[in-house]
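Coordinates in review
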Amino acid sequence: MGPKPDPFSGDQTLPTRASVVVIGGGIIGTSTALELAERGVDVVLCEKGIIAGEQSSRNWGWVRQMGRDPREIPLIQESMRAWRGMNERIGAEAGYRECGILYLCESDADMAAREQWLDEHARPHQLASRMIAAERTAELAPGSTIKWKGALYTENDGRAEPQKAAPAIAEAARRHGAKIFTNCAVRGIEKQAGRISGVVTEKGRIDCDAVVVAGGAWSRRFCTNAEVELQALNVTSSCLRTEPLETDLEASAAGNGFAYRKRLDGGYTVAHGGLSVADIVPDSFRLFFPFIPNLKAEWPHLKLRLGKRFIEEATMARRWALDSVSPFEQVRVLDPEPVSSIIEHSIRNLKKAYPAFEKMKVAQTWAGCIDVTPDAVPVISEVEAIPGFFISSGFSGHGFGIGPGAGKLTADLVTGAPPCVDPAPFRHSRMTDGSKASMMAEV
Ligand SMILES: Cc1cc2nc3c(=O)[nH]c(=O)nc-3n(C[C@H](O)[C@H](O)[C@H](O)COP(=O)(O)OP(=O)(O)OC[C@H]3O[C@@H](n4cnc5c(N)ncnc54)[C@H](O)[C@@H]3O)c2cc1C
């Protein structure tokens, strides 16, 4: 089982009408619902399982500008502003702390690669990211057996608590008038004269003018049933948390084959950092061509696996009638098995680099399914062919940090307000108009 998000009990009686229905209670759906409710929009959020049951409680909790694709930089800057004021805004603890993040460099080649991102992307946006030398690195990440050449460091990057943030944001959205339903899968959409007129949930129908699909690893399946192409594949990432541990390591850091982040409970969330599992499933073949141009860049970080996931996906419905049980009701919480070899690797690498972790006790291991688009940039967009149908999904492994910003942009698009950042890089039509997906060169 994954980590337990803070408890959240939502509303009971499904309304027959709302202006906007948000599908999915992760960081994206809850942030969107909060933004809409604060603006006085009549919004309902439906979550098939529990709030933050999937990626949004399972991630490392890094809130970073550093290493971002340039297309995401304005949005993460918007998001950083939101995180800084989050506790005050929601009247609760989302766990945000400005701890700084380090990408540790062992060689001159590592330094040069990080420097390139800095030159090309950080400086034009005036990010606080900078290269630091060996001595400063040793001060910020003390006690290493490795003589780091230096690091890429962003002092005003931070961390937040994945098990706390989305439930707390959902509570705040409710206080502003949003209605939130858990154990309530949305089976599909209804249209009138080509535009959204409602959704059908397992608990009944809701008339609405707009729908936001924020279903994470499920968004593609939802869209397929609505005859909308959303290109995304799921990869499984594994991590662990330790019992509270005394160390001097406050800033989050990633080195070769390990990453750590201090938690509010005094423990650490630890991961390999550079390795995930891509299960071969029927969609791997359907989406072969959109993904192939960027596979080379991702290859060193992916372990391909052919196993039971292929059968599970192959036998799961891609089309269903709205009066029948949907796949979303069959899997309330997607809970993949952590990959023990990757976990063991990360522990070994971390202990070798930082002996302070020798005495750590593993409290829990888990995995999460990450929805990745071919260019590793999300879709935050209305679908041109269906007015009122919005997608905010495909956050490709970095959606927690950017979540509050993405919620704001989504709400802007839904309400027709001037968008907080240029939404063009996130347009859905890039997946249907023959645009070639291009990924940022890796840093
Ligand atoms: C191990 C791991 C580490 C990560 N580390 C980081 C990190 O450090 N920093 C970072 O920024 N990002 C990180 N990420 C990525 C980040 O967690 C995700 O990008 C982000 O949480 C996505 O949020 P979401 O709301 O789109 O999806 P989710 O949190 O997955 O939420 C989607 C929700 O939609 C619900 N749903 C789906 N379909 C339906 C339906 N039809 N009806 C009702 N409900 C539905 C699901 O049950 C689910 O709860 C990591 C991810 C993983 C797995």
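Below you will find a few notes about this structure. (Residues numbered from 1 in each chain as written. Predicted model: local features only at pLDDT ≥ 70, side-chain atom pairs only at ≥ 80, totals over all residues. Heavy atoms only, no water.)

**Section: the packing of aromatic side chains**
Filter applied, for reference: Classification of ring pairs rests on two measures: the distance between centres of Phe, Tyr or Trp rings, Trp counted by its six-membered ring, which must be within 6.5 Å, and the angle between planes, read as stacked under 30 degrees, edge-to-face over 60 and tilted in between. Here a helix means four or more residues in a row that DSSP labels H or I, a strand means two or more in a row labelled E, and each is numbered from the N terminus. Whether a residue is buried, partly exposed or exposed follows from its accessible area with a 1.4 Å probe, protein chains only, as a fraction of its type maximum: under 20%, in between, or over 50%, in that order.
Taken as a whole, this structure holds 14 aromatic pairs when the rule is applied. Taken together, a centroid distance of 6.4 Å and an interplanar angle of 55° make the contact between W148 and F258 tilted. You can see W148 sitting in the loop between α6 (134-140) and β6 (150-154) and its partner F258 sitting in strand β15 (residues 258-262), a full 110 residues away along the chain. With respect to class, W148 is no different from F258; both count as buried. Ring geometry for Y268 and F357: centres 5.1 Å apart, planes at 75°, overall edge-to-face. Of the two residues, Y268 sits in strand β16 (residues 268-271) while F357 sits in the loop between α13 (340-353) and β19 (362-372), which places them 89 residues apart along the sequence. We classify F357 as buried; its relative accessible area is 0%.

**Section: the pattern of salt bridges**
Using the following cut-off: Here a salt bridge means any side-chain nitrogen of Lys or Arg lying within 4 Å of a carboxyl oxygen belonging to Asp or Glu.
Enumeration according to the criterion identifies 39 salt bridges in this entry. In this structure, E161 engages R261 in a salt bridge whose closest nitrogen and oxygen atoms are separated by 2.8 Å. Residue E161 is found in the loop between β7 (158-159) and α7 (162-175), and its partner R261 is found in strand β15; the two are separated by 100 residues along the sequence. The closest approach of N and O atoms between R205 and D207, which form a salt bridge, is 2.3 Å.

**Things to note about the environment of Q231**
Applicable threshold: Residue contacts are counted whenever heavy atoms from the two residues lie within 4.5 Å of one another. As used in this structure description, the phrase polar contact means that two N or O atoms lie within 3.5 Å; if the pair is within protein, one of them must be able to donate a hydrogen and the other to accept it, and residues adjacent in sequence are counted only when both atoms belong to side chains.
The topology assignment puts Q231 in the loop between α8 (219-225) and β13 (233-242). With a relative accessible area of 12%, Q231 lands in the buried category. Along the backbone, Q231 and V379 are 148 residues apart, and their C-alpha atoms lie at a distance of 9.6 Å. If we skip the residues at most four places from it in the chain, Q231 touches R220, L287, P290, V372, T373, P374 and M431. Looking at Q231, its side chain comes within polar contact range of the side chain of E229, at 3.3 Å.

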